[in-house]
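Structure assessment
Chain by chain, the residues run as shown.
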Amino acid sequence: MATNPMKIRAANKDGVTEVKVLISHEMETGQRKDAAGAVIPAWFITELSAKHNDKVVLTSEFGTSISKNPFLAFRFKGGAKGDKVSVSWKDNKGETRTDEAAIA
Amino acid sequence: MRQKKLYVLLTALVAAVGGMASPAALADKASDDAAIARYREMIADGNPAELVAGQGEELWKTKRGPKNASLEKCDLGLGPGVLKGASAKLPRYFKDTGRVQDLETRLLTCMETLQGIDPKTVIDAKWLKGERETMAALVAYVVTQSNGQKIDIDMTPPQMKKMYELGKMAFYYRSGPMDFACTTCHGDTGKRIRLQDLPDLRTQAGAAAGWGTWPAYRVSSGEFWTMQHRLNDCYRQQRTAEPIFGSDVTIALSVFLAATAKGGPVLTPGLKR
């Protein structure tokens, strides 16, 4: 299944950039069963990182306690209007996705 | 969490024994309300309905069906292809179909006339599956374009008045093994189920809080629900027969709610627990 793009918003205020990311992912824990009683296989993001231009500003480990279609907000020092912010995730099936946005 | 429940139970017992409302229990309710309000505020920027709306936008512009057409010429009441503010004025009476239609049934008409898609593919589908999932995505896209508008349905056509009366009747009509009506839960101020406040849908403010915030994304289940889905589930919770998708009773209830809520803010897509 093709993955849907993330919605990324980044805004700089007083030298600090706030990034808000809405991620489209099932985040299936592997603990649930379907209507027929079969276990729904685990499918969740394991790693997520964010870059400001080419500099990594956030690395994180995700797990099954995080909701479906998660929302992530974080801040980093620096960043200027028009700079590129990119966010990448990798899930337990080895799928990856990267999306980017310009700082407003 | 367990401990907190126990605490609430204990204070409730103390209150019952003492024969008066416990201030601790009241404070607990107030802090829970504040916590929910804070949670809503935190997540308001990241309503995942946006993701569904994104899919809907793509579907809107995609050529589909036997006629291989997009929905871009769909008339939701404000003219072909006009989406801004359209859902704030629905349901409305449409001359071309001779029926009062809500957003979903109007979209069904567009899918049938423009794309040649059989409405049965939606009506007979399961919630969030197949063409009904497509419908939900389209709804998410359309209602996003009315966010911030005022609820403003046109009640002048006699067909609308008839639907309103039918909706009012359905709202107060008790049925099922529990003898529930809509008004059993939604006909009093300050009622709640667990921590979910239940709006009093008889009042303008209550109806606006309900009608104005659906369709919505439900965080607990990670699903986007249309108004048809919401109303259907009310019937399920009432333990009575679930209405057919887009049937007159669902539209009548929508007219009743939207007319009562007139002037209230449209905050769609909503975000629910």
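This structure is a prediction, so every number in the text was calculated from the model and none was measured. (Residues numbered from 1 in each chain as written. Chains lettered and ligands numbered in written order. Predicted model: local features only at pLDDT ≥ 70, side-chain atom pairs only at ≥ 80, totals over all residues.)

We now examine the environment of A:Ile8. Residues and elements named next belong to chain A. Secondary-structure assignment places Ile8 in strand β1 (residues 7–13). A residue is classified by how many C-beta atoms lie within 10 Å of it, and Ile8, with 19 of them, is partly exposed. Separated by 10 residues in sequence, Ile8 and Glu18 have C-alpha atoms that sit 11 Å apart. Contacts of Ile8, omitting those with residues within four sequence positions, involve Val19, Val21, Val85, Val87, Asp99, Glu100 and Ala101. (Helix = DSSP H or I, 4+ residues; strand = E, 2+ residues; numbered from the N terminus. Buried ≥ 20, exposed ≤ 12 C-beta atoms within 10 Å, placed from the backbone. Contact = placed C-beta atoms within 7 Å.)

Here we come to the sheet that holds strand β7 (residues 270–272) of chain B. Residue and element names in this part refer to chain B. Within the open sheet, the three strands sit side by side as β6-β5-β7. Their pairing is mixed. Taken across any chain shown, the strands that pair with only one partner, and hence form the sheet edges, are β6 (223–225) and β7. Within this sheet the neighbouring strands show an average axis-to-axis angle of 30°, counted without direction. Alignment of strand β5 (residues 216–218) against β6, held across three bridges, turns out to be antiparallel. (Pairing = 2+ DSSP bridges. Axes fitted to C-alpha atoms, helices over the stretch in contact; angles between N-to-C directions.)

All names here are of chain B. Taken as a whole, helix α10 (residues 227–237) has its buried residues at Met227, Gln228, His229, Leu231 and Tyr235. Its buried side turned inward, α10 meets α4 (103–115), β6 and α11 (248–260). Arg239 sits one or two positions beyond α10 and adopts a positive phi of about 60°.

Put simply, chain B has an average pLDDT of 87, and 88% of its residues get 70 or more. Within the model, the stretch residues 1–22 of chain B combines pLDDT values under 50 with 12 contacts to residues more than four positions away or in other chains. (pLDDT = per-residue confidence, 0-100.)

Once that is clear, we can look at the interface of chain A and chain B. One frequently used descriptor of interface size is the decrease in accessible area upon assembly of the parts. Counting residues at the interface gives nine residues for chain A and 10 residues for chain B. Considering only residue class, the side of chain A that touches chain B consists of two nonpolar, four polar and three charged. (Nonpolar A, V, L, I, M, F, W, Y, C, P; charged D, E, K, R; others polar.)

With that settled, the discussion passes to the environment of B:Val82. Residue and element names in this part refer to chain B. In this structure, Val82 sits in the loop between α3 (49–61) and β1 (92–94). Val82 gets classed as partly exposed once you count the C-beta atoms within 10 Å, which come to 13. When the C-alpha atoms of Val82 and His229 are compared, they prove to be 25 Å apart, with 147 residues separating the residues in sequence.

Moving on: the packing of α3(B) against helix α6 (residues 130–144) of chain B. All names here are of chain B. Closest axis-to-axis distance for the α3/α6 pair is 7 Å, and the angle between their directions is 100°. Between α3 and α6, the angle is such that the two are roughly perpendicular. Across from Ala49, Val52, Ala53, Gln55, Gly56, Glu57, Leu59 and Trp60 in α3, the residues of α6 making contact are Thr134, Ala136, Ala137, Leu138, Ala140, Tyr141 and Thr144. Taken together, the residues that form the contact of α3 with α6 break down as 10 nonpolar, four polar and one charged. (Parallel < 35°, antiparallel > 145°, perpendicular 65-115°, else oblique.)

Another point: the packing of α4(B) against α6(B). All names here are of chain B. Two elements in contact, α4 and α6, have axes whose closest approach is 10 Å; the angle formed by their N-to-C orientations is 110°. As summarised for this structure, α4 and α6 are arranged roughly perpendicular, according to the angle between their axes. Crossing geometry of α4 relative to α6 is assigned as right-handed. Counting all contacts with α4, which are made through Leu103, Glu104 and Leu107, the residues of α6 involved are Met135, Leu138, Val139 and Val142. (Left-handed = near helix turned anticlockwise from the far one by under 90°.)

This next bit is on α3(B). With 13 residues, α3(B) extends 18 Å between its outermost C-alpha atoms, agreeing within 8% with the 18 Å of an ideal straight helix rising 1.5 Å per residue. Among all positions in α3(B), only B:Ala49, B:Leu51, B:Val52, B:Ala53, B:Gly56 and B:Trp60 are buried. Where α3(B) is buried, its residues contact β1 and β2 (16–22) of chain A together with α6, β5 and β6 of chain B. (Expected span 1.5 Å × (residues − 1).)

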